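What follows is each chain in one-letter form.
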Amino acid sequence: MHTFRPAEFEYHRPTSLDEALTLLGEIEDSRPLAGGHSLLPMMKLRLAIPTALVDLSRIPGLDEISASNGGLAIGALATHAEVAGSEVAIGIAPVIPETAARIGDLQVRNCGTFGGSVAHADPGADYPTLLKALGGAITATGKGGEREIAADDFFRGIFETALEPGELVTSVKVPGTPAGTGASYLKHRHPASGYTVVGIAAVVKVEGGNCTAARVTVGGVTSPPVHATAAEEALVGGPGSEDAIAAAAEKVPEAIPSAMGDAYASGEYRTHLAKVLAARALREAFDRAA
Ligand code: FAD
């Protein structure tokens, strides 16, 4: 009979990054613990059976959100609620706090962290889709030092990233969205959990009345999220008119030929949602760029 209790594990609460990396390196099958909102349910279901948890919550400085080269640096331990309420983030890339504010429910936003979500790479997560559209980069830190991985290379599949064993996500860098650039993230929420069934991020740059760069990414339909390249290409050079947006949205399904389906939403329904949300997200992005 299933008890919904995790298997036995050790618990460590390091007070420095170096100590955390040492523990993760030395204890076989240990896992970092951030907000615990994905890891603990998996442990209760015995989908994850770590020998030890290395709790990151007492490491100072990992929750900072700061301006960095015209963009944002978001510490891995910043909670969704902290990101949602960050004045710095609202000033530099408002689509990020807007997205954070729509994650799950209050409890999830108060505990779940930016870095935990990125490292977990759940197909129903919001940040991976958004980070790919914004051109973000993940800072991974291991015993050997730091490396930066573009979001386009970081997310590899369902719960699969470019992180090496023993490496931690320590921060995420995101370019700002200055005047002339508009960004939008829209999602269809699962009515029970709030997780994303389909999420669309759109980022456009408008100069002299015409679109000079466009990024449209689709999440929840494939894993990892993908660029709707044909839609992106169709927008560049045009004014972002209703017709142009409708034509671009029609091209989104080309990026998701094998859309995932489940008991709640078939692949066909997800593909339909992706088209509808892409048109709305693009409209909002162009309006914001104006
Ligand atoms: P944890 O659960 O602590 O860890 C998750 C995984 O990442 C573990 O494998 C852990 O070892 C690893 N990890 C954690 N931090 C790091 C790090 N810094 N470096 C390397 N590895 C690390 N998410 C959304 O995006 N949108 C939603 O709408 C949404 N709705 C939700 C609704 C519910 C009811 C729940 C329970 C969760 C929901 N989530 C949603 C997920 C939520 O955002 C989680 O917070 C997130 O997936 C994991 O973050 P965490 O800090 O809780 O990580």
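Overview of the structure. All values derive from a computational prediction rather than experimental measurement.

1. Digging into the nonpolar core
For soluble globular proteins, the rule of thumb is that nonpolar side chains tend to be buried together.
Phase 1 of the analysis: Judged by nonpolar contacts, the single largest core of 35 residues is most densely connected at Leu72, Ile74, Ile96, Phe114, Val118 and Leu131.
Phase 2 of the analysis: Top contributing element to this core by residue count: helix H8 (residues 127-134), with five residues.
Phase 3 of the analysis: For this core, the two domains that each supply at least three residues are domain 2 (65-174) and domain 3 (181-289).
Phase 4 of the analysis: Discounting residues that sit within four places of it in the chain, leucine 131 has contacts with Phe114, Val118, Gly136, Ala151, Phe155, Val172 and Val174.

2. Details of helix H1 (residues 17-26)
Residues that lie three or four places apart on an α-helix share one face, since the helix turns once every 3.6 residues.
Phase 1 of the analysis: Within H1, the full set of buried residues consists of Ala20, Leu21, Leu23 and Leu24. Projected down its long axis, H1 carries its buried residues within an arc of 160°, all on one side. Exposed and facing more than 90 degrees away from the buried side of H1 are Gly25 and Glu26.
Phase 2 of the analysis: The inward-facing, buried residues of H1 contact strand E1 (10-12), strand E2 (30-33), strand E3 (52-55), strand E6 (137-142) and strand E10 (168-174).

3. Examining the site of the ligand
Phase 1 of the analysis: In the vicinity of the ligand lie 30 residues, with Pro32, Gly36, Leu39, Thr113 and Asp126 positioned nearest.
Phase 2 of the analysis: Contact distances for the ligand include 3.1 Å between an oxygen atom and a backbone N or O atom of glycine 104.
Phase 3 of the analysis: A distance of 3.5 Å separates an oxygen atom of the ligand from a polar atom in the backbone of serine 117.
Phase 4 of the analysis: When the ligand is considered free in solution it has 970 Å² of accessible area, and contact with the protein chains removes 92% of it.
Phase 5 of the analysis: Spatially, the ligand is embedded in the largest pocket.
Phase 6 of the analysis: Contributing elements (two or more residues each) for the shell around the ligand: E2, helix H7 (114-120) and E10.
Phase 7 of the analysis: In terms of residues, the shell around the ligand owes the most to one element, H7, which gives four residues.

4. Notes on the pairing of strand E4 (residues 65-68)
Phase 1 of the analysis: Examined bridge by bridge, E4 and strand E5 (residues 71-75) share four bridges and lie antiparallel to one another. Along E5, the bridge assignment pairs serine 66 with alanine 73.
Phase 2 of the analysis: Linking two consecutive strands that pair antiparallel, namely E4 and E5, is a turn of two residues; a positive phi of about 50° is found at asparagine 69 within it.

5. Describing the sheet that holds E6
Phase 1 of the analysis: Taken in spatial order, the five strands make up an open sheet running E4-E5-E10-E6-E7, and their pairing is antiparallel. Since the sheet does not close on itself, it has two edges, and those belong to E4 and strand E7 (145-150), each with one partner. The average angle at which neighbouring strand axes cross in this sheet is 25°, direction not considered.
Phase 2 of the analysis: Relative to E10, E6 runs antiparallel, the two sharing five bridges. Residue pairing in the sheet places alanine 137 in a bridge with lysine 173 of E10.
Phase 3 of the analysis: Each of E6 and E10 is contacted by H1, which is oriented at about 125° to E10, the strand it contacts most.

Scoring rules and cut-offs
- Residues numbered from 1 in each chain as written.
- Predicted model: local features only at pLDDT ≥ 70, side-chain atom pairs only at ≥ 80, totals over all residues.
- Heavy atoms only, no water.
- Core = buried A, V, L, I, M, F, W, Y, C linked by side-chain atoms within 4.5 Å.
- Buried < 20%, exposed > 50% of the residue type's maximum accessible area, 1.4 Å probe, protein only.
- Helix = DSSP H or I, 4+ residues; strand = E, 2+ residues; numbered from the N terminus.
- Domains from an automatic or database assignment.
- Contact = heavy atoms within 4.5 Å.
- Arc of directions from axis to C-beta.
- Near = heavy atom within 4 Å.
- Polar contact = N/O pair within 3.5 Å; in protein donor to acceptor, adjacent residues only side chain to side chain.
- Areas by Shrake-Rupley, 256 points an atom, 1.4 Å probe, with all protein chains shown as cover.
- 1 Å grid on protein atoms, 1.4 Å probe; cavity = no way out; pocket = protein on both sides within 12 Å on 5 of 7 lines; lining within 4 Å.
- Sits in = over half its atoms within 2 Å of the grid points.
- Pairing = 2+ DSSP bridges.
- Axes fitted to C-alpha atoms, helices over the stretch in contact; angles between N-to-C directions.

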